[in-house]
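Chains, contacts and geometry: an overview
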Protein chains: 2
Amino acid sequence: MTTLKELAKRLNISISTVSKALNDSHEISDITKKRVNNLAEELNYKPNRIAQQLKNNKTKTIGVILPTVINPFFAEVLHGIEITATNFNYDIIVCLSNESLEKEKRSIELLSNGSVDGFIIAVARESQVNGVSKHIKEAIDRKIPVLMFDRVMHDITCNKVVVDDFKSVYTATDFLINEDKRSNILLVSNIEELSVGKLRTLGYEKAIQENELTSNILKLDNVENIDETIYNYLKANKSIDAILSLDHITGIVAINMAKKLGLKIPEDLSVIGFGYEHTNLLSSPKISIIHQKAHQIGEMSVKLLLQQLNTDNYGLETTIVPSELKLGRSTK
Amino acid sequence: MTTLKELAKRLNISISTVSKALNDSHEISDITKKRVNNLAEELNYKPNRIAQQLKNNKTKTIGVILPTVINPFFAEVLHGIEITATNFNYDIIVCLSNESLEKEKRSIELLSNGSVDGFIIAVARESQVNGVSKHIKEAIDRKIPVLMFDRVMHDITCNKVVVDDFKSVYTATDFLINEDKRSNILLVSNIEELSVGKLRTLGYEKAIQENELTSNILKLDNVENIDETIYNYLKANKSIDAILSLDHITGIVAINMAKKLGLKIPEDLSVIGFGYEHTNLLSSPKISIIHQKAHQIGEMSVKLLLQQLNTDNYGLETTIVPSELKLGRSTK
DNA sequence: TTGTACGCGTTATCAC
DNA sequence: GTGATAACGCGTACAA
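Notes on the structure in this doc start here. Because the structure is a prediction, the values reported are computed rather than measured. (Residues numbered from 1 in each chain as written. Chains lettered and ligands numbered in written order. Predicted model: local features only at pLDDT ≥ 70, side-chain atom pairs only at ≥ 80, totals over all residues. Heavy atoms only, no water.)

Before going further, it helps to examine the overall build of chain A. The number of helices and strands found in chain A is 13 helices and 12 strands. For chain A, whose C-alpha radius of gyration is 26 Å, the value lies well above the compact-globule estimate of 20 Å for 332 residues. When its C-alpha atoms are laid out on the principal axes, chain A stretches across 90 × 40 × 30 Å. Relative to its 332 residues, chain A shows a buried fraction of 56%. The contacts of chain A with a sequence gap of at least 6 include a subset with a gap of at least 24, amounting to 71%. As displayed, chain A has an accessible area near 14700 Å², and 48% of this comes from carbon and sulfur atoms. For chain A, the centre of its 40 positive side-chain charges and the centre of its 42 negative side-chain charges are spaced 5 Å apart. (Helix = DSSP H or I, 4+ residues; strand = E, 2+ residues; numbered from the N terminus. Rg over C-alpha atoms; globule rule 2.2 N^0.38 Å. Buried < 20%, exposed > 50% of the residue type's maximum accessible area, 1.4 Å probe, protein only. Contact = heavy atoms within 4.5 Å. Areas by Shrake-Rupley, 256 points an atom, 1.4 Å probe, with all protein chains shown as cover. Lys, Arg positive; Asp, Glu negative; His and termini not counted. Charge placed at Lys NZ, Arg CZ, Asp CG, Glu CD.)

Turning our eyes to something else, we now look at the packing of aromatic side chains. Given two aromatic rings, their pairing is described by the distance between the two centres and the angle made by the two planes. Tallying each qualifying case throughout the model produces 8 aromatic pairs over all chains. With a centroid separation of 5.1 Å and 65° between ring planes, the pair formed by phenylalanine 73 of chain A and phenylalanine 74 of chain A is classed as edge-to-face. One exposure class covers both phenylalanine 73 of chain A and phenylalanine 74 of chain A, and it is buried. Grouped by ring-pair contacts, the aromatic residues Phe73, Phe74, Phe149 and Tyr276 of chain A constitute a single cluster. Cation over ring: arginine 200 of chain A sits above phenylalanine 274 of chain A, and NZ or CZ is 4.0 Å from the ring centre. For lysine 206 of chain B, the ring lying beneath its charged end belongs to tyrosine 170 of chain B, and the centroid distance is 4.9 Å. (Phe/Tyr/Trp six-rings, centres within 6.5 Å; stacked < 30°, edge-to-face > 60°. Lys NZ or Arg CZ within 6 Å of the ring centre and 35° of its normal.)

Time to look at the protein's contact with DNA strand C. Near DNA strand C you find 25 residues, and of these Tyr45 of chain A together with Ser16, Thr17, Lys20 and Lys55 of chain B are the closest. Backbone atoms, meaning sugar and phosphate, form 60% of the atoms of DNA strand C found within 4 Å of the protein. The contact in question runs from a phosphate oxygen of DNA strand C to an N or O atom on the side chain of lysine 5 of chain A, over 3.0 Å. Here a base oxygen of DNA strand C sits 3.5 Å away from a polar atom, N or O, in the side chain of lysine 55 of chain A. Put simply, the parts of the chain that give the surface near DNA strand C at least two residues each are helix H1 (4–11), helix H2 (15–22) and helix H4 (49–56) of chain A together with helix H2 (15–22) and helix H4 (49–56) of chain B. (Near = heavy atom within 4 Å. Polar contact = N/O pair within 3.5 Å; in protein donor to acceptor, adjacent residues only side chain to side chain.)

With an RMSD of 0.2 Å, the fit of chain B onto chain A corresponds to turning through 180° and sliding 0.1 Å along the axis. Taken together, the rotation and translation relating the two chain copies correspond to the operation of a two-fold axis. Nearest to the rotation axis, the C-alpha of isoleucine 93 of chain B is located 2.3 Å from it, this being the minimum over chain B. Of the interface residues in chain B, 100% have counterparts in chain A that sit at the interface too, so the contact is made through matching surfaces. (Least-squares fit on C-alpha atoms with pLDDT ≥ 70 in both.)

Let's shift gears to the layout of surface pockets. Computed from the structure, the second largest pocket encloses a volume of approximately 1400 Å³. Forming the boundary of the second largest pocket are 47 residues, of which Met1 of chain A together with Asn57, Gly114, Arg142 and Ile144 of chain B lie nearest the centre. Breaking the lining of the second largest pocket down by element, the ones donating at least two residues are H1, H2 and H4 of chain A together with H4, helix H8 (134–141) and helix H13 (294–311) of chain B. In terms of residue class, the lining of the second largest pocket is built from 20 nonpolar, 18 polar and 9 charged. (1 Å grid on protein atoms, 1.4 Å probe; cavity = no way out; pocket = protein on both sides within 12 Å on 5 of 7 lines; lining within 4 Å. Points joined across faces, edges and corners; volume = space filled by probe spheres on them. Nonpolar A, V, L, I, M, F, W, Y, C, P; charged D, E, K, R; others polar.)

One broad trend across soluble globular proteins is that nonpolar side chains are buried collectively. With 60 residues, the main nonpolar core has Ile62, Leu78 and Phe149 of chain A together with Ile62, Leu78 and Phe149 of chain B as its most contacted residues. Core analysis: the second largest hydrophobic core is formed by 47 residues, Leu220 and Ile243 of chain A together with Ile226 and Leu282 of chain B among them. (Core = buried A, V, L, I, M, F, W, Y, C linked by side-chain atoms within 4.5 Å.)

Once that is clear, we can look at the protein's contact with DNA strand D. Close contacts around DNA strand D come from 25 residues, with Thr17, Lys20 and Thr32 of chain A together with Leu4 and Tyr45 of chain B the closest. A share of 60% is what sugar and phosphate atoms reach among the atoms of DNA strand D within 4 Å of the protein. At 3.0 Å from a phosphate oxygen of DNA strand D is found a main-chain nitrogen or oxygen belonging to asparagine 48 of chain B. If you list the elements that add at least two residues to the surface near DNA strand D, you get H2 and H4 of chain A together with helix H1 (4–11), H2 and H4 of chain B.

To continue, consider the packing of helix H9 (residues 165–179) of chain A against helix H10 (residues 195–210) of chain A. The geometry of a pair of packed helices is captured by two quantities: the angle between their axes and the separation between those axes. Residues and elements named next belong to chain A. Direction vectors running N to C along H9 and H10 enclose 35°, while the axes themselves pass 7 Å from each other. Crossing geometry of H9 relative to H10 is assigned as right-handed. Contact with H9, carried on its side by Asp165, Phe166, Val169, Tyr170, Thr173, Asp174 and Ile177, involves Val196, Leu199, Arg200, Leu202, Gly203, Tyr204, Lys206, Ala207, Ile208 and Glu210 of H10 and no other residues of that element. Taken together, the residues of the contact of H9 with H10 break down into 10 nonpolar, 2 polar and 5 charged. (Axes fitted to C-alpha atoms, helices over the stretch in contact; angles between N-to-C directions. Left-handed = near helix turned anticlockwise from the far one by under 90°.)

Residues and elements named next belong to chain B. Strand order in the open sheet formed by 6 strands is E7-E6-E8-E9-E10-E12, and the pairing between neighbours is mixed. The sheet is open, and its two edges are formed by strand E7 (217–219) and strand E12 (324–326), each paired on a single side. Sheet twist, expressed as the mean angle between neighbouring strand axes with direction ignored, is 20°. Bridge count between strand E10 (residues 288–291) and E12: 3 bridges; the pairing is antiparallel. Across the sheet, residue histidine 291 finds its bridge partner in E12, namely glutamate 324. Relative to strand E6 (residues 185–189), helix H10 (residues 195–210) is tilted by about 175°, and along the sheet it contacts E6, E7, strand E8 (242–245) and strand E9 (270–275). (Pairing = 2+ DSSP bridges.)

Here it is in C-alpha cells:
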C-alpha cells in the first residue's frame, strides 16, 4: 500500500506537503501539486481509510443486523439499504442473527467498539418473543444511533420504520368481504409470534368483527408439513371461501393445495398473500398480494439514520411505509 | 467511548500499564490487573477496533461483492459466508453490484484502500458478458487476495469455488433419459449469457448427443412474460415430455403452465429445476431439483480466502462443490 | 512491576 | 510555499 510517507520520500518533500497537495490546498504551488499528483497516480495511491477513520472518529459505515437474508423481504430491504448507503458514501457491515438472540447480541457488541457509526436493526424472532432488548439499549447508551425496522421493540426509544401491518391486513380482509363477497375467510400465519404477525392478525379480526363474521385462524409457527396441514384443513372445512396468508410462502402453498383439491381459483376460493418484488411469478393464477415496499423501507431507514448521525438529535419518530394491495388473478 | 487513556487517568497509572493489564500480561501485578479490569468493566471499555486495525495493518474484514441478494442462491451463499466469517472473528462488508459493471468496479476500488483484507466476489452479469476483469486484477496487484465463486473469470488467477455446472446438468439430463425414459427434453434457461448457463447447457447437450436425441432449447434471457412464453411453447410442442430448467424460477413456472394445459406431472411431463434450501415448498407436486449447496459454497469461500490470508500463498486452486439431484414428485 | 517512547497513516495547526 | 509537530487509540520494545 502506497502511503503519504512513501510519496514524500520519493519526492524529497515533507509528508504534510504531500497531504496538502493531494487535498488541493491553496498553500501549495501548482508545480508541486503536479509532481505529487503524478506520482500518486503512478503508484495508485489511495488514502488509507482506516487511518482517516481513526483521525475523524467516524467510520462512514453502518452496521446492519438482520434475522436472515433468505426471506425475500429482508433480502429486498438489504438491497434498498445497500443502494442508499452507497449513494451517501457509506459502507455497510452485515450481520445475520439467524433469528438467534445470542448471535444478535454478540454482533451488536462486537460492532459497538467503533466499527460503525450507527445500526439498522430488525431483531431476531427470539429477541422479540422473549422481549429482550438490553443489548440494543446498550448501543444507544454508548451514543451509537440505532434505527429499528419492521420488527421493532416498543420499550426502545429510537427512530423506527414499519409497515402498516394492521391497516394493510384490515384493508385486504375488508376487500375479501365486501368486494369479493366472501364470508368464511381463513387466516393462515406462520409468524403469529412476531409483533408484525400480531398486528396483522388484529387487522384481520377487526374487519371480521365489523362485518359480524367469525374469525378463523390456522397457526403454522414451527409446523413441519405446511402443505399437508393446509391441504387437510381445506379438505375438512369445505366452507372456507377465502384465504389470507400473512407471509410470502403459505399463500402460494394454499393455491397449490386448493387446486389439488379440485377447487377453482378464484371462483371457489380467493387467496391473498404477502409479497415483494418478483413474488407473483411463482403461482398460477398469479397471486394477489399485499405488496410491502421492502426496497423503500431500506432506503428510508438509511436516510433517517444518516439524518440522525449528522444532526445528532434524538431519534423518536416512527415512520410508516404504506403497503399496497396488488391484485393478481387469485381474487375476483 | 472509553479509552485506555481515560482508564489510565482515573487510576493514576500509565496507559501502557492499563493496556498490559487488560491483555493479562505477566509483567503486571494481580492487584493492578484487578483494579484495571474492574474499572474497565464499570465503564464498559472496549478496545477501539479502528485503532487496532491501523496498528496491525489488518482489518479482519472481508469485502463481499455480489450481483444481488434477491436471488436465493446468492442469499444463501451470503448466509454461509456470514456464519463462517463470524466463526473466524471476521466481519463482512457487503456490496451489491446489481449486475452492473460500473457499480462493481466502484465498490472494489473503494474497498481497496485498506478497508478489507480480502475479497469474495461473484461478478456481475455485465462484467462477465463483456469479459471485463481489469478492476479485479487491480485488486490482486495491490496484494489484496481475491476469491471468486460461481461466476468466475478464467483470465483471472485466484482461488475459485464453483459448482459442478456441467456435470450436474449432464447427470440430470441422463437421469431424465435413462431413468425417466424421456426422449424429448426441453432445456429452459434465462441465464444463457452467463458462464454457468453455458456450462450447464453443455452438460445437457452432451447427454443428449450421447443418447442420440435432439436438443431443444428455450432461451428466456430478458424475456418479459416467462409464463406465457413457456405456456405457448408447450402448447405448440405437445411432444415435449420433460423440462429441464437451469434456474430456480422457470421450473416452477413450467409446472404451473403444464398443469394449466391439463398435463399430468410427472406422468405426461417430468420437470427438473435448480434449487436451494426451502425451494421445494413452492410447487405442487414438489419439484425435483439440482440442489446447489449454496451455504457450503459460502463456507468454503471464506475458509479458502482466510487460508490464503494467513499463509500468503498464491491462490491457484479451483474447488468444485458438487450438487445433488434431489428428487421430488415432478419426476417418475 | 511500572512507565516512556514510538509507530501505524492521516490531517490540522503552527512555525519558518 | 513548505515543513515540523501533535493527535486519533492501541500495542510493544525498551528503559527504569
